[in-house]
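Coordinate inspection notes
Next come the chains, spelled out residue by residue.
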Amino acid sequence: MNAHESQSSVVNDPHNDELPMFDKQKYRKHLRGWFSYAFASEVFVIVSLTLFLPICLEQFARDNGYLLPDKTQPCNSATTSPSADAEDARCVVKLGWLWIDSASFSLYVYSISVALQALTVISMGGIADHPPHRKKLLLAFAALGSISAIFFLLVPSSSPVWPLVAPLAICANVGFGASIVALNAYIPTLAQGAQEVVAARANIMKSMRTESTAPRHSIDGEESAEADAPLLSRPSEERGLHSDAYAMKAEHDKILSATTSRISSQGIALGYSSGIVMLLLALIPVRAMKGSTDSLRLAVGLSGIWWALFSLPAAVWLPGASSVRQADDALGEGEEADIVPGERDWSMTREIGRAWKRLGQMLKWREIKRLRNTFVYLAAWFLLSDGFTTITSTALLFGKTTLHMPPSSLILIGALTPSAGILGSLIWPMVQRRAGWSNLRVLVVLVAMASAIPAYGCLGFLPVFQKGSVKFGGLTTPAEMYVLAVYFGSVYGAFQGYARAFYAEFIPPGEEARWYALFSITDKSSSFVGPLVVGLIADTTGNIRYAFFFLVAMIWAAVPILMSVDVERGREDAQRYTSSGRAT
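Definitions and limits used
- Residues numbered from 1 in each chain as written.
- Predicted model: local features only at pLDDT ≥ 70, side-chain atom pairs only at ≥ 80, totals over all residues.
- Heavy atoms only, no water.
- Helix = DSSP H or I, 4+ residues; strand = E, 2+ residues; numbered from the N terminus.
- Buried < 20%, exposed > 50% of the residue type's maximum accessible area, 1.4 Å probe, protein only.
- Areas by Shrake-Rupley, 256 points an atom, 1.4 Å probe, with all protein chains shown as cover.
- Polar contact = N/O pair within 3.5 Å; in protein donor to acceptor, adjacent residues only side chain to side chain.
- Core = buried A, V, L, I, M, F, W, Y, C linked by side-chain atoms within 4.5 Å.
- Pairing = 2+ DSSP bridges.
- Disulfide = S-S within 2.5 Å.
- Phe/Tyr/Trp six-rings, centres within 6.5 Å; stacked < 30°, edge-to-face > 60°.
- Contact = heavy atoms within 4.5 Å.
- Salt bridge = Lys/Arg side-chain N within 4 Å of Asp/Glu carboxyl O.
- Patch = residues over 30% accessible without salt bridge, like charges linked within 9 Å, V, L, I, M, F, W, Y side chains within 5 Å.
- Lys, Arg positive; Asp, Glu negative; His and termini not counted.
- Charge placed at Lys NZ, Arg CZ, Asp CG, Glu CD.
- Expected span 1.5 Å × (residues − 1).
- Arc of directions from axis to C-beta.
- Axes fitted to C-alpha atoms, helices over the stretch in contact; angles between N-to-C directions.
- Parallel < 35°, antiparallel > 145°, perpendicular 65-115°, else oblique.
- Left-handed = near helix turned anticlockwise from the far one by under 90°.
- Nonpolar A, V, L, I, M, F, W, Y, C, P; charged D, E, K, R; others polar.

Helix and strand counts for the chain come out as 23 helices and three strands. In the chain, which comprises 584 residues, the share counted as buried stands at 51%. Working note: accessible area of the chain is about 26,700 Å², and carbon and sulfur atoms make up 62% of it.

This is the structure we're talking about:
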């Protein structure tokens, strides 16, 4: 009998009615539903959010803007060249009583959307954990985001209501972020429901039944302390439990961790693949229409159509309220506060209030001191996540406004980056195994490599590149953008994987959802800072290249914070945090 058959016999043994059972058909249906939404939604991120949307917003502003210094000549009436005077070529648009740079318009819209997305994610996190409303929440925000993107097809830049593209972009980004919170809430249930995990859990339960008949010896006061400790938290001879049970628990945790990573990684890879396919398809009309504003609107609208269309299988296959509750009950997971109360006792307003209250409790100074290394890493993540995101948006705007690259070239760059990201996420683990590096060391190396990109852009201020005596270097030619796109993609793809994996080492066992929610909140709440500062720099100086100095400083500011993390102490603190009682 092979290992797979052995697991199946353990899980589906008819003589063990109380053991968790594996339903292959239902599990595959739920997993396909989860993958289908990852396939649908990631297209909006790759095609629109990181590529077409910032370019499209800038183009909308340019089509309605005027050239400095007199603000009388429309921006699209003059053909600018890379050698044109920077001040004369600068395009500004009037919104209300303010004149802002056309490049800054998209940065401001993105900053506002990310800030609102963070508020929405915090408010809806508790609702996403409520099984009867998780699927409804996901589909509602998917509809909001996809329809907002589709509406770009209805608003031409010549329309007097063209500023409506700003709230449409904001709603699309908020819809995506909130729906992903609901999607991620399914990951623990899907991982726990995998056949190999169910089999491992069944083995633990069988072992515990055997050990429950063995005599126990405890020291005075130990029994009350164990009441609050997690199941099989750590081997201890005083507890009188057999080492086999702890070995099974360790094996279960290892399988569960690998399964969770596998599901998440496959979702990311599938989403990246769909995004690349859509980018290549969008290249056809954009080239045919010569990168016009209408072609950019078409690309954003098509990403919304793709998002909405492939969300339909998720609406059919993802587990609903009863399926999620049955899975959680079978596994013994879930808190009573989330599952036990009836539908009539549930209130959206109350859940939003509780979400903010729980966040406040987690951020109390007492909890920060107990999990010092966890919060130190979150401080580094605050800077790094914003830095990496801002590099992407700034580079695209730099390529369009300074290097005057056509939209078709920016599309190609947008396709090269995630393609290299897939390769980077596969290659770096092999490099780590060969070099024997820790996750922390890999992260530091990746951060240092990423900082080389804006540092390279700063070289463009050197006279040797300014005067044109050297025709290549300092990010002064479009060809360099292609090379840097592959370089950055290989670094960023690996960074995303290692950042999540490293954080997992400092999460208190049994509270993964709460702490990964804080991880996401830290990411979203920081992501408006970088674009906002870059927008201010572009407005103040009239040259977006100056923003590269800010990006170098921002990324390197995180390095000493990151290196101060004590990995071993962080693991011990997380275990102790759970064993001594969860935060209230």
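That shown, we press on.
Within the secondary structure, Gln 117 is located in helix α3 (residues 102–128). A distance of 2.7 Å separates the side chain of Gln 117 from the backbone oxygen of Asn 173, its partner in a polar contact.

Of all hydrophobic cores here, the largest spans 143 residues; its most connected members are Trp 34, Phe 52, Tyr 377, Phe 495, Phe 502, Trp 515 and Leu 562. Of the residues forming this core, the biggest block, 20 residues, is contributed by helix α2 (residues 24–63).

Sheet topology places strand β1 (residues 66–67) next to strand β2 (residues 91–95); two bridges connect them, and they run antiparallel. Paired with Leu 67 across the two strands is Cys 91, which belongs to β2. The hairpin formed by β2 and strand β3 (residues 98–101) contains two residues between the paired strands, and Gly 96 there has a positive phi angle of roughly 70°.

Glancing now at the state of the cysteines. Under the criterion given, the structure shown has one disulfide. Cys 75 shares a disulfide with Cys 91; S-S distance 2.0 Å. Across the S-S bond of Cys 75 and Cys 91 the torsion is about 100°, and the bridge reads as right-handed. Here Cys 75 is found in the loop between β1 and β2, whereas its partner Cys 91 is found in strand β2, with 16 residues between them in sequence. For the pair Cys 75 and Cys 91, a shared accessibility class is recorded, and that class is buried.

In this structure the tally under the stated criterion is 17 aromatic pairs. Measuring from centroid to centroid gives 5.5 Å for Phe 39 and Trp 306, while their planes differ by 35°, and the two rings are tilted. Here Trp 306 lies in helix α10 (residues 293–317) and Phe 39 lies in helix α2, a separation of 267 residues in the sequence. Judged by relative accessible area, which is 22%, Phe 39 ranks as partly exposed. Given a relative accessible area of 14%, Trp 306 falls into the buried group. Three or more aromatic residues joined by ring pairs form one cluster here, namely Trp 381, Phe 388, Phe 488, Tyr 492 and Phe 495.

Okay, the side chain of Ser 179 next. Relative to the assigned elements, Ser 179 resides in helix α5 (residues 165–184). Looking at Ser 179, its side chain comes within polar contact range of the main-chain oxygen of Phe 176, at 2.8 Å. With residues up to four places along the chain from it excluded, the contact list for Ser 179 reads Tyr 37, Leu 138, Phe 141, Ala 142 and Trp 307.

A separate point is the sheet that holds β1. Strand order in the open sheet made by the three strands is β1-β2-β3, with antiparallel pairing throughout. Since the sheet does not close on itself, it has two edges, and those belong to β1 and β3, each with one partner.

On to the pattern of salt bridges. Counted by the stated rule, this structure contains seven salt bridges. Close ionic contact of Asp 101 with Arg 90 constitutes a salt bridge, the shortest N to O distance being 3.1 Å. Placement of the pair is Asp 101 in strand β3 and Arg 90 in the loop between β1 and β2, with a sequence separation of eleven residues. Residue Asp 101 is classed as buried on the basis of its relative accessible area, which comes to 8%. Arg 90 gets classed as buried once you look at its relative accessible area, which sits at 14%. A salt bridge links Asp 573 to Arg 569, with the shortest nitrogen-to-oxygen separation between them at 3.1 Å.

Of note, Lys 24 is situated in helix α2. Overall, the relative accessible area of 46% leaves Lys 24 in the partly exposed class. Linking Lys 24 and Ala 194, residues 170 residues apart in sequence, is a C-alpha distance of 8.7 Å.

On the surface, a cluster of positive charge is contributed by Lys 24, Lys 26, Arg 28, Lys 29 and Arg 32. Inspection of the secondary structure assignment puts Arg 32 in helix α2.

Time to look at helix α13 (residues 348–362). Helical geometry note: an α-helix holds 3.6 residues per turn, so side chains three or four residues apart project in the same direction. With 15 residues, α13 extends 21 Å from end C-alpha to end C-alpha; this agrees with the ideal 21 Å at 1.5 Å per step. Looking only at α13, the buried set comprises Glu 351, Ala 355, Leu 359, Gln 361 and Met 362. Buried residues along α13 cover an arc of 160° about the axis, so they all sit on one side. Along α13, the residues that are exposed and aim more than 90 degrees away from the buried face are Thr 349 and Lys 357.

Moving on, we come to the pairing of β3. Two elements, β2 and β3, share four bridges in a ladder whose sense is antiparallel. Note that in β3 the partner of Leu 95 across the bridge is Leu 98.

A pair of packed helices is captured by two measures, namely the crossing angle of their axes and the spacing between those axes. Direction vectors running N to C along α2 and helix α16 (residues 407–435) enclose 155°, while the axes themselves pass 10 Å from each other. Considering the angle they form, α2 stands roughly antiparallel to α16. As for how α2 packs across α16, the hand of that crossing is right-handed. Here Ile 46, Leu 51, Phe 52 and Ile 55 of α2 lie close against α16, whose contacting residues are Leu 410, Ile 411, Gly 414 and Pro 418. Tallied by class, the residues present in the contact of α2 with α16 amount to seven nonpolar, one polar and no charged.

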